[in-house]
Amino acid sequence: MRVLFYGTPAFALPTLHALLARHRVVAVVTQPDRPRDRGQRAQASPVKAVALEQGIPVLQPVRLRDPGWPERLGEHSADVAVVVAFGQILPAAILGVPARGSINVHASLLPRYRGAAPIAWAIMRGETETGITTFQMDTGMDTGAILLQGPMPIGAEETAGELAARLAVLGAELLVETLDRLATLTPRSQDSRAATLAPRLRKEDGLLEWTEPAAVLAARVRGLNPWPGAVALGPGGRLLIWRARAIAGVGEPGVLAAVAGRLAVGTGAGFLEPIEVQPENRRAMEWDAYLRGARLGPGAPLGATVPRS
């Protein structure tokens, strides 16, 4: 099958590799090169890097809604388009270019968690299961008819980055099965009454509010790892909390206290014990090492953050 592939981050790579093994990828569409890292030099997306290695034509539209793109994409005579974390909404004129339409690989069990960050929001909202959905795309935000779904449990300590790596593999497997069975699958309409949203993450989503319960804060820490990170205020400025656990008890929100011989932060219900943290302009380190360096003890305020908008 001739496939037009849309994708940008590393999450899309297992699906791209699976397609290369079984089908002909006639072109890859990915986001324009972006400045990254401290040097702010433009870098190719992970998908572009693989496409170039494989000698596949690469297209990098700033906006697919601009004139001429349906014609340019049509020149590749694709049977189907596969979309995995591309980063732009595909207009109707683009969706209809391939002869058999456009299929999306989405990291949730639709209609739950429609949007750009389904993995992070599923963890932050305390879900214990998520999965992959392949669906026939329409002009809505993840509203198209479902083709196949595969569930996946969420580990009790799993971060968004760790879960994404597992879901990427499942997505590749489910997409291959979807294409193998495309002629016989019956698309199933979504029940929009059961829909929930997973909007794109903002840096402000990382701000911790110590009046929330520890269990909620621990889930937020996991969901915000690897980006944008959960943020508190330490003596030296912003403190990123990459891993943490909830502990039972009663304490003052935002204030350190000794719990079972370890220092933890009081919350609205229970304590949050950071495990791995990263002070501003420094590398990540264990919580104990940070406490020693910052000379913090029981009764010290870790610091309140500005409430999220």
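Please refer to the structure placed before this passage.
Below or above, wherever it landed, is the structure these notes cover. (Residues numbered from 1 in each chain as written. Predicted model: local features only at pLDDT ≥ 70, side-chain atom pairs only at ≥ 80, totals over all residues. Heavy atoms only, no water.)

## Topic: the pattern of salt bridges
Counted only if it meets this: One side-chain nitrogen of Lys or Arg within 4 Å of one carboxyl oxygen of Asp or Glu is enough to make a salt bridge. Buried, partly exposed and exposed residues are distinguished by accessible area as a fraction of the type maximum, computed with a 1.4 Å probe on protein chains only: under 20%, between the cut-offs, and over 50%, respectively.
One pass over the structure, following the stated rule, counts 13 salt bridges. With a closest N to O distance of 2.8 Å, Glu177 and Arg181 form a salt bridge. Classification of Arg181 as partly exposed rests on a relative accessible area of 35%. Two residues, Asp205 and Arg202, come together in a salt bridge whose shortest N-O distance is 3.3 Å. The class for Asp205 is buried, based on a relative accessible area of 6%. Note on Arg202: relative accessible area 34%, which makes it partly exposed.

## Looking at the pairing of strand E10 (residues 230-234)
We count it as follows: Secondary structure elements follow DSSP: runs of H or I no shorter than four residues count as helices, runs of E no shorter than two count as strands, and numbering proceeds from the N terminus. Strands were regarded as paired on the criterion that DSSP finds at least two bridges between them.
Along E10, four of the five residues are buried, which leaves the element largely enclosed by surrounding structure. Of the pairings in the sheet, the one linking E10 to strand E11 (residues 237-247) comprises five bridges and is antiparallel in character. When the bridges of E11 are listed, Ala230 appears paired with Ile241. Two successive antiparallel strands, E10 and E11, enclose a turn made up of two residues.

## As for unusual backbone geometry
Backbone torsion omega between Leu110 and Pro111 reads 15°, so that peptide bond is classified as cis. Structurally, Pro111 is set in the loop between strand E7 (102-106) and helix H5 (118-124). The step from Trp227 to Pro228 runs through a cis peptide bond, and the omega angle for that step is 5°. Note on placement: Pro228 falls in the loop between helix H7 (214-223) and E10. In the Ramachandran plot, Ala85 falls in the positive-phi region, its phi being about 50° despite a non-glycine side chain.

## What about the side chain of Ser108?
Filter applied, for reference: Any pair of residues with heavy atoms lying within 4.5 Å of one another is described as a contacting pair.
With respect to the helices and strands, Ser108 occurs in the loop between E7 and H5. With sequence-adjacent residues up to four places away left out, Ser108 is seen in contact with Tyr113, Pro118, Thr130, Gly131, Ile132 and Thr133.

## Points about the nonpolar core
Stated precisely, the cut-off is as follows: Among the buried residues, those of types Ala, Val, Leu, Ile, Met, Phe, Trp, Tyr and Cys that are joined through side-chain atoms within 4.5 Å form a nonpolar core.
Membership of the largest hydrophobic core comes to 68 residues, with the highest contact counts inside it found for Phe5, Phe11, Leu167, Trp210 and Trp287. Looking at which element gives the most residues to this core, the answer is helix H6 (residues 160-180), with nine residues. Val29, Leu73, Phe86 and Leu110 belong to the second-largest nonpolar core, a separate cluster that totals 20 residues.

## Quick look at the sheet that holds strand E5 (residues 58-59)
Taken in spatial order, the seven strands line up as E5-E2-E1-E6-E7-E8-E9 in an open sheet, and their pairing is mixed. At either end of the open sheet lies a strand with only one pairing partner, and these are E5 and strand E9 (146-153).

## Overview of the packing of helix H1 (residues 13-22) against helix H2 (residues 46-54)
Selection criterion: As a rule, the C-alpha atoms of each element are fitted with a line to give its axis, helices using only the stretch in contact, and angles between N-to-C directions run from 0 to 180 degrees. Any angle between 65 and 115 degrees counts as roughly perpendicular, while under 35 counts as roughly parallel, over 145 as roughly antiparallel, and the rest as oblique. In a left-handed crossing the near helix is turned counterclockwise from the far helix by less than a right angle, and in a right-handed crossing that turn is clockwise. Asp, Glu, Lys and Arg are counted as charged, while Ala, Val, Leu, Ile, Met, Phe, Trp, Tyr, Cys and Pro are counted as nonpolar; the rest, among them Gly, fall into the polar class.
Where H1 contacts H2, the axes come no closer than 10 Å and their chain directions differ by 20°. Put simply, H1 runs roughly parallel to H2. Read as a crossing pair, H1 and H2 show a hand that is right-handed. Each of Leu13, Leu16, His17 and Leu20 in H1 lies in contact with H2, whose residues at this interface are Pro46, Val47, Val50 and Gln54. In terms of residue class, the contact of H1 with H2 is made up of six nonpolar, two polar and no charged.

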